[in-house]
Amino acid sequence: EAQVTQNPRYLITVTGKKLTVTCSQNMNHEYMSWYRQDPGLGLRQIYYSMNVEVTDKGDVPEGYKVSRKEKRNFPLILESPSPNQTSLYFCASRPSGYQETQYFGPGTRLLVL
Amino acid sequence: DQQVKQNSPSLSVQEGRISILNCDYTNSMFDYFLWYKKYPAEGPTFLISISSIKDKNEDGRFTVFLNKSAKHLSLHIVPSQPGDSAVYFCAASVTGTASKLTFGTGTRLQVTL
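In this report, the structure presented in the accompanying data block is examined.

1. What about unusual backbone geometry?
Reasoning step 1: In the segment running from N7 of chain A into P8 of chain A, the intervening peptide bond is cis, with an omega of -5 degrees.
Reasoning step 2: Tracing the chain through its elements places P8 of chain A in the loop between β1 (4-7) and β2 (10-13).
Reasoning step 3: In this model, V78 of chain B is joined to P79 of chain B through a cis peptide bond whose omega is -10 degrees.
Reasoning step 4: Structurally, P79 of chain B can be placed in the loop between β8 (72-77) and β9 (86-93).
Reasoning step 5: Even without a glycine there, the phi angle at K71 of chain B is positive, about 50 degrees.

2. A look at the environment of D24 of chain B
Residue and element names in this part refer to chain B.
Reasoning step 1: Looking at the element boundaries, D24 is found in strand β3 (residues 19-25).
Reasoning step 2: For D24, a relative accessible area of 26% translates into the label partly exposed.
Reasoning step 3: Excluding residues that lie within four positions of it along the chain, D24 makes contacts with Q3, V4, K5, N7, K71 and H72.
Reasoning step 4: A distance of 2.8 Å separates the side chain of D24 from the side chain of H72, its partner in a polar contact.

3. As for the pattern of salt bridges
Reasoning step 1: One pass over the full model with this rule turns up 8 salt bridges over all chains.
Reasoning step 2: Among the charged side chains, a salt-bridge network with shared partners connects K18, K65 and E79 of chain A.

4. Quick look at the nonpolar core
Reasoning step 1: Within the largest apolar cluster, 24 residues are counted, with the highest numbers of intra-cluster contacts made by F33, W35, L73, L75 and Y88 of chain B.
Reasoning step 2: Of all elements in the fold, only β3, β4 (32-38), β5 (45-51), β7 (62-67), β8, β9 and β11 (107-112) of chain B reach the threshold of two or more residues within this core.
Reasoning step 3: The biggest single contributor to this core is β9 of chain B, with 4 residues.
Reasoning step 4: With residues up to four places along the chain from it excluded, the contact list for F33 of chain B reads Y25, I48, S49, I50, L66, L73, A91 and A92 of chain B.
Reasoning step 5: In terms of nonpolar packing, the next biggest core, distinct from the first, is built from 19 residues, V4, M32, Y89 and V112 of chain A among them.

5. Concerning the environment of L21 of chain B
Residue and element names in this part refer to chain B.
Reasoning step 1: As for its position among the elements, L21 is in strand β3.
Reasoning step 2: A residue is classified by how much of its surface remains accessible, and L21, at 1% relative accessible area, is buried.
Reasoning step 3: Placed 12 residues apart in sequence, L21 and F33 show a C-alpha to C-alpha distance of 14 Å.
Reasoning step 4: Here L21 is in contact with L11, W35, L73, S74, L75, I77, Y88 and T107, once residues within four sequence places are set aside.

6. A few points about the sheet that holds strand β1 (residues 4-5) of chain B
Residue and element names in this part refer to chain B.
Reasoning step 1: The sheet built from 5 strands is open, its strands ordered β1-β3-β8-β7-β6 with antiparallel pairing. The two strands at the open ends of the sheet, each matched to only one other strand, are β1 and β6 (56-59).
Reasoning step 2: As paired strands, β6 and β7 are joined by 4 bridges and run antiparallel to one another. The residue bridging D59 from the neighbouring strand is F62, located in β7.

Thresholds applied
- Residues numbered from 1 in each chain as written.
- Chains lettered and ligands numbered in written order.
- Predicted model: local features only at pLDDT ≥ 70, side-chain atom pairs only at ≥ 80, totals over all residues.
- Heavy atoms only, no water.
- Helix = DSSP H or I, 4+ residues; strand = E, 2+ residues; numbered from the N terminus.
- Buried < 20%, exposed > 50% of the residue type's maximum accessible area, 1.4 Å probe, protein only.
- Contact = heavy atoms within 4.5 Å.
- Polar contact = N/O pair within 3.5 Å; in protein donor to acceptor, adjacent residues only side chain to side chain.
- Salt bridge = Lys/Arg side-chain N within 4 Å of Asp/Glu carboxyl O.
- Core = buried A, V, L, I, M, F, W, Y, C linked by side-chain atoms within 4.5 Å.
- Pairing = 2+ DSSP bridges.

Next up, the structure:
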């Protein structure tokens, strides 16, 4: 089954404790991205990657890091989480080609205490 | 600065009637528009899209209308069904910007029996 998977789905952590949210897709898509969803703000892009070893900032990259060492994986790293990073996070992927739709993962709900 | 706005946070429609969800944008460079549907505990899923060279696109019960002069698009669902109850996000992008999607804040549609 073609899908985007994220782990963990739910996470409670404390301020300053490094964490990684994994994202993997099995569709051989070149493009991957991370979004966060917050009430009243919709989905905002954090980082995106056009292909392996190619990443760039989205609208809200502060406090986040990403890496793209393999085509299928695009982990999101919070080196020192803070309470304002409490949010619902979505990973997405799509094939190359401008107007292809993006496929979203099921989401990771993060609470930073 | 919210470049894509969905001014109605929620909408309730009777089964069988038409649902109209609205979206306004401010960036005149946007030339591709999409609607995504999101159920609780799932990621957004692509519904329908429209290029700025068109003013209407239809797919079964779903039709998207684009009014470029008014910077307004709408999604019509006819007839509405209970399974359409979800949050709907409109999104926009500019050709050549790595398909970066700018999302609206979402409208929660409830279709009642």
